[in-house]
Amino acid sequence: MAVLVMLAAGLFGVPVAKSLSSSGFQDPTSESARATQLLTDKFHQGDMQMLISVTAPDDATGPAARAVGLAIVDQLKRSPNVAEVTSAWTVPPAAAKRLVSKDGKTALVVAGIGGGESVAQATAQTLSDEVTRDHPVGTTGVVVRSGGLAIVNAQINSQLQRDLLLMESIAVPLSFVVLVWVFGGLLAAALPVAVGLMAIVGSLAILRLITFGTDVSIFALNVSIAMGLALAIDYTLLIISRYRDELADGADPNTALVRTMTTAGRTVLFSATTVALSMAALVLFPMHVLKSFGYAGVATVAFAALAAVVVTPAAIVLLGDRLNALDARRLAQRLLRRSEPAHRRIEAPFWYRSTTFVMRRALPLGLAVVVLLLMLGAPFIGVKWGFPDDRVLPTSASAHQLGDQLRDDFADNSDTAVTVVIPDADGLTSVDLERYAAQLSGVPDVSAVSAPTGTFVGGVRLGPPSAPAGVSQGSAFLTVDSTAPLFSDTSQAQLNRLHAVPGPDGRPVDLTGIAQTNRDSVDAITSRLPAVLGLIAVITFGLLFLLTGSVVLPLKALVLNVLSLTAAFGALVWIFQDGHLGALGTTSTGTLVANTPVLLFCIAFGLSMDYEVFLVSRIREYWLRSGRTPGDSDESVALGLARTGRVITAAALVMSISFAALLVAHVQFMRMFGLGLTLAVLVDATLVRMVLMPAFMHLLGRWNWWAPKPLVRLHDRIGLREGEIEKSASPTAMPVA
């Protein structure tokens with residue numbers, strides 16, 4: 001049955017990439033979004049912009065370049081999804097200047113592509129392929145490149161699809177090697193990988209299903225698949241490890257499986273609920289790139305957990321004793337002519353001894369790790385928020401190359417321009433608009449303002465419009481050329497001053513452009529961030545209270561989980577914003593996209609809770625069977641870590657492999673996620689779980705399990721109760737080294 005379901009899911013889910021979008025970073029309810037929509041609806045500027053550069057060896061206005069440029073314009077106009085086309089050869093001389101490079105060798109064709117985001121980027125890619133095919137480099141000495149937002153999105157989509165197969169071809173084999181190290185048996189190691197592959201197929205099907213109801217970001221595809229693979233393997237690893245542990249304690253297979261599913265199975269479901277709810281908080285943000293991660297994340301986690309708790313026990317029953325067949329370690333020992341070591345329980349001496357070592361030196365070691373993590377996170381204090389552009393792509397992409405041309409070779413960088421939209425312009429005269437344009441041109445760092453009737457510099461009209469401007473269907477818009485660097489304090493101050501200029505005849509105005517869009521996006525995130533963080537904290541606290549019956553352990557978990565993320569956040573700024581380590585082969589823009597840390601926090605925080613639940617549930621089992629004295633608290637922590645240390649380490653290693661595979665992607669966002677999530681998982685599984693957690697629990701002693709009496713009574717009624725360790729498994733018996 002599971003195989004049939006996976007085949008159906010695969011057939012349905014594989015084409016999902018064609019339905020995904022690369023945009024969605026903008027707040028659709030913001031001022032800039034309203035202005036952009038009005039420009040699309042009333043001025044037919046299209047949903048996305050496509051740029052084509054025509055570069056000649058001598059002069060872009062010469063006959064060769066002109067012939068190519070006009071042919072491209074004619075080609076674009078014939079497309080039904082192209083709303084408007086302008087070029088350096090078809091506009092008045094005053095406007096043509098901004099479409100020609102400073103050296104006069106490159107000129108631009110600007111096209112507005114309509115039909116919605118998905119249609120626009122598909123249309124742009126088709127047109128780009130046609131243009132470059134019809135005008136190949138070298139035949140006329142003219143070089144043609146395509147770029148603009150529509151091409152950026154199209155190239156991101158195609159690049160991520162190419163990267164996806166490469167990433168999984170790395171993650172799956174390496175995960176299998178780690179599982180062989182953990183289990184020895186090839187069949188036991190293959191089972192988690194098989195469940196993980198089921199989770200990948202299920203993730204694709206779920207993502208495609210979600211696209212029928214809402215927009216889904218292409219960035220959710222790779223991260224969801226990596227997370228689905230990692231969680232499915234982790235959950236299956238936990239179940240198999242617990243099952244083998246129960247067998248080692250003397251239980252028969254049927255009893256061992258029942259105990260496993262009532263303990264480890266319940267822990268998997270509880271952990272998946274915690275991770276899913278952390279991801280669900282993303283839907284509170286308005287940007288669809290965050291919403292789609294929330295939808296896809298919840299569905300992926302649910303599928304991974306369901307596959308683990310349904311397929312794994314069924315496979316264990318079917319395989320029986322063959323689960324441990326094909327033992328690679330035994331084969332290696334025979335080849336090396338080494339005797340087979342005596343069976344050792346899962347609680348290896350290393351984990352027990354290392355935990356007791358930490359607890360004997362809890363204060364100095366705990367303080368040292370806290371200071372280290374805070375130092376690693378210090379670069380995040382200097383974070384600067386920006387908006388994504390063509391530089392997220394590799395330098396070999398035509399959109400990136402054209403973007404570099406615009407930034408380096410053109411006097412007027414359209415990226416810094418601000419468009420001022422007057423939604424209600426009924427009754428306004430040209431004099432009103434000119435007066436308003438003159439006032440805007442007096443704002444510091446404004447080089448010129450183009451109104452429908454002319455261009456204004458320093459409050460004076462100097463000539464005809466030099467940039468897009470117009471009046472249509474009762475609305476008007478003007479273009480403000482700016483010399484203020486994007487995402488700088490100067491740019492922010494300029495936006496404030498532009499807003500402060502009263503609209504013509506007191507009419508309301510909306511601003512758009514990259515600077516305003518970035519401001520709106522940051523405001524949308526920061527205004528909702530306290531509610532999102534508060535919701536995650538309340539959910540985490542409540543679920544951990546239901547598991548432990550304590551109010552101290554949930555608070556401790558919240559603190560440690562935040563600390564585990566500091567290194568990842570600091571690394572993002574230090575590497576990708578500041579450009580150290582060559583920005584890991586990407587292009588540093590001096591900024592971070594505000595969506596990235598939010599996504600990283602929600603995903604990594606949920607995954608940190610994953611290990612917290614695994615470990616605390618096992619510690620609690622020992623605590624419930626102890627005499628509940630301060631010494632018993634330390635012993636419960638040591639035994640819990642000894643029992644789960646190897647499993648958690650293996651699970652973290654598998655998960656870090658899945659996320660580290662994102663580093664081979666050629667899109668900057670994926671490398672950010674890959675590095676951030678890998679660091680977060682490794683720091684959590686090592687410094688936090690192996691040092692900070694035992695240190696904190698030792699210092700708190702019996703207070704770890706404290707709760708006010710009303711909450712104790714509440715937990716007695718509705719709390720979750722893990723199965724207790726059987727008496728046959730002595731909680732104090734440790735294997736001999």
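1. Quick notes on the overall build of the protein chain
Piece 1. Within the protein chain, the secondary structure is distributed over 22 helices and 13 strands.
Piece 2. Since a compact globule built from 737 residues should have a radius of gyration of about 27 Å, the 30 Å found for the protein chain is in line with a globular shape.
Piece 3. Across its three principal axes, the protein chain shows a C-alpha extent of roughly 90 × 55 × 40 Å.
Piece 4. Within the span of the protein chain, comprising 737 residues, buried residues form 57% of the whole.
Piece 5. Sequence separation of 24 or more characterises 79% of the internal contacts of the protein chain that already satisfy a separation of 6 or more.
Piece 6. Of the roughly 29,000 Å² of accessible surface on the protein chain, a fraction of 63% belongs to carbon and sulfur atoms.
Piece 7. Charge separation in the protein chain, taken as the distance between the mean sites of 54 positive and 55 negative side-chain charges, equals 10 Å.

2. Topic: the sheet that holds strand β3 (residues 106-113)
Piece 1. Taken in spatial order, the four strands line up as β2-β3-β1-β4 in an open sheet, and their pairing is antiparallel. Bordering the open sheet on either side are β2 (82-87) and β4 (143-147), each of which pairs with just one other strand. For this sheet, the mean inter-axis angle between neighbouring strands, taken without regard to orientation, is 20 degrees.
Piece 2. Sheet topology note: the β2/β3 ladder contains five bridges and is antiparallel. Opposite Val 85, over in β3, you have Ala 111 as the bridge partner.
Piece 3. Its contacts with the sheet put helix α6 (residues 149-183) on β1 (48-55) and β4, and the angle it makes with β1 is roughly 95 degrees.

3. Considerations on the nonpolar core
Piece 1. Counting 206 residues, the largest nonpolar core has Phe 219, Leu 221, Tyr 235 and Phe 293 as its most contacted members.
Piece 2. Not counting residues within four places of it along the chain, the set of residues in contact with Tyr 235 comprises Val 268, Ser 271, Ala 272, Val 275, Val 301, Ala 304, Ala 305, Ala 308, Asp 610 and Phe 614.

4. Describing the packing of aromatic side chains
Two measures describe an aromatic ring pair: the distance that separates the ring centres and the angle between the ring planes.
Piece 1. Using the criterion set out here, one finds eleven aromatic pairs in the structure.
Piece 2. The interplanar angle of 55 degrees and the centroid separation of 6.0 Å between the aromatic rings of Trp 703 and Trp 706 together place this pair among those described as tilted.
Piece 3. Taking the relative accessible area as the measure of exposure, Trp 703 reaches 58% and is therefore exposed.
Piece 4. Put simply, the rings of Tyr 235, Tyr 611 and Phe 614 pair up and form one aromatic cluster.
Piece 5. One residue, Arg 208, lies across the ring of Phe 12, its end atom 4.9 Å from the ring centre.
Piece 6. The side chain of Arg 646 reaches across the aromatic face of Trp 181, ending 5.4 Å from its centre.

5. Here we look at the confidence of the model for the protein chain
Piece 1. Scored by pLDDT, the protein chain comes out at a mean of 85, with 93% of its residues at no less than 70.
Piece 2. No element of the protein chain has a lower mean pLDDT than helix α11 (residues 328-335), at 64, and none a higher one than helix α13 (residues 362-377), at 95.
Piece 3. Segment residues 722-737 is flagged for pLDDT under 50; beyond a separation of four residues in sequence, or across chains, it makes 34 contacts in the model.

6. A word on the pairing of β3
Piece 1. The buried fraction of β3 amounts to eight of the eight residues, a majority that puts the element mostly inside the structure.
Piece 2. Of the two faces of β3, the one carrying Thr 106, Leu 108, Val 110 and Gly 112 and the one carrying Ala 107, Val 109, Ala 111 and Ile 113 are both buried.
Piece 3. The pairing of β1 with β3 spans eight bridges and is antiparallel. In the sheet register, Met 48 faces β3, and the bridge partner there is Ile 113.

7. Points about a nonpolar patch on the surface
Piece 1. Among the surface-exposed residues, Val 3, Leu 4 and Leu 7 lie close enough to one another that they form a single nonpolar patch of about 320 Å² accessible area.
Piece 2. Here Leu 7 shows up in helix α1 (residues 2-13).
Piece 3. Taking the relative accessible area as the measure of exposure, Leu 7 reaches 53% and is therefore exposed.

8. Digging into the environment of Leu 209
Piece 1. Turning to its location among the elements, Leu 209 is positioned in helix α7 (residues 186-211).
Piece 2. For Leu 209, a relative accessible area of 56% corresponds to the exposed category.
Piece 3. In this structure, the C-alpha to C-alpha distance between Leu 209 and Glu 612, residues 403 residues apart in sequence, is 32 Å.

What counts, and where the lines are drawn
Residues numbered from 1 in each chain as written. Predicted model: local features only at pLDDT ≥ 70, side-chain atom pairs only at ≥ 80, totals over all residues. Heavy atoms only, no water. Helix = DSSP H or I, 4+ residues; strand = E, 2+ residues; numbered from the N terminus. Rg over C-alpha atoms; globule rule 2.2 N^0.38 Å. Buried < 20%, exposed > 50% of the residue type's maximum accessible area, 1.4 Å probe, protein only. Contact = heavy atoms within 4.5 Å. Areas by Shrake-Rupley, 256 points an atom, 1.4 Å probe, with all protein chains shown as cover. Lys, Arg positive; Asp, Glu negative; His and termini not counted. Charge placed at Lys NZ, Arg CZ, Asp CG, Glu CD. Pairing = 2+ DSSP bridges. Axes fitted to C-alpha atoms, helices over the stretch in contact; angles between N-to-C directions. Core = buried A, V, L, I, M, F, W, Y, C linked by side-chain atoms within 4.5 Å. Phe/Tyr/Trp six-rings, centres within 6.5 Å; stacked < 30°, edge-to-face > 60°. Lys NZ or Arg CZ within 6 Å of the ring centre and 35° of its normal. pLDDT = per-residue confidence, 0-100. Patch = residues over 30% accessible without salt bridge, like charges linked within 9 Å, V, L, I, M, F, W, Y side chains within 5 Å. Salt bridge = Lys/Arg side-chain N within 4 Å of Asp/Glu carboxyl O.

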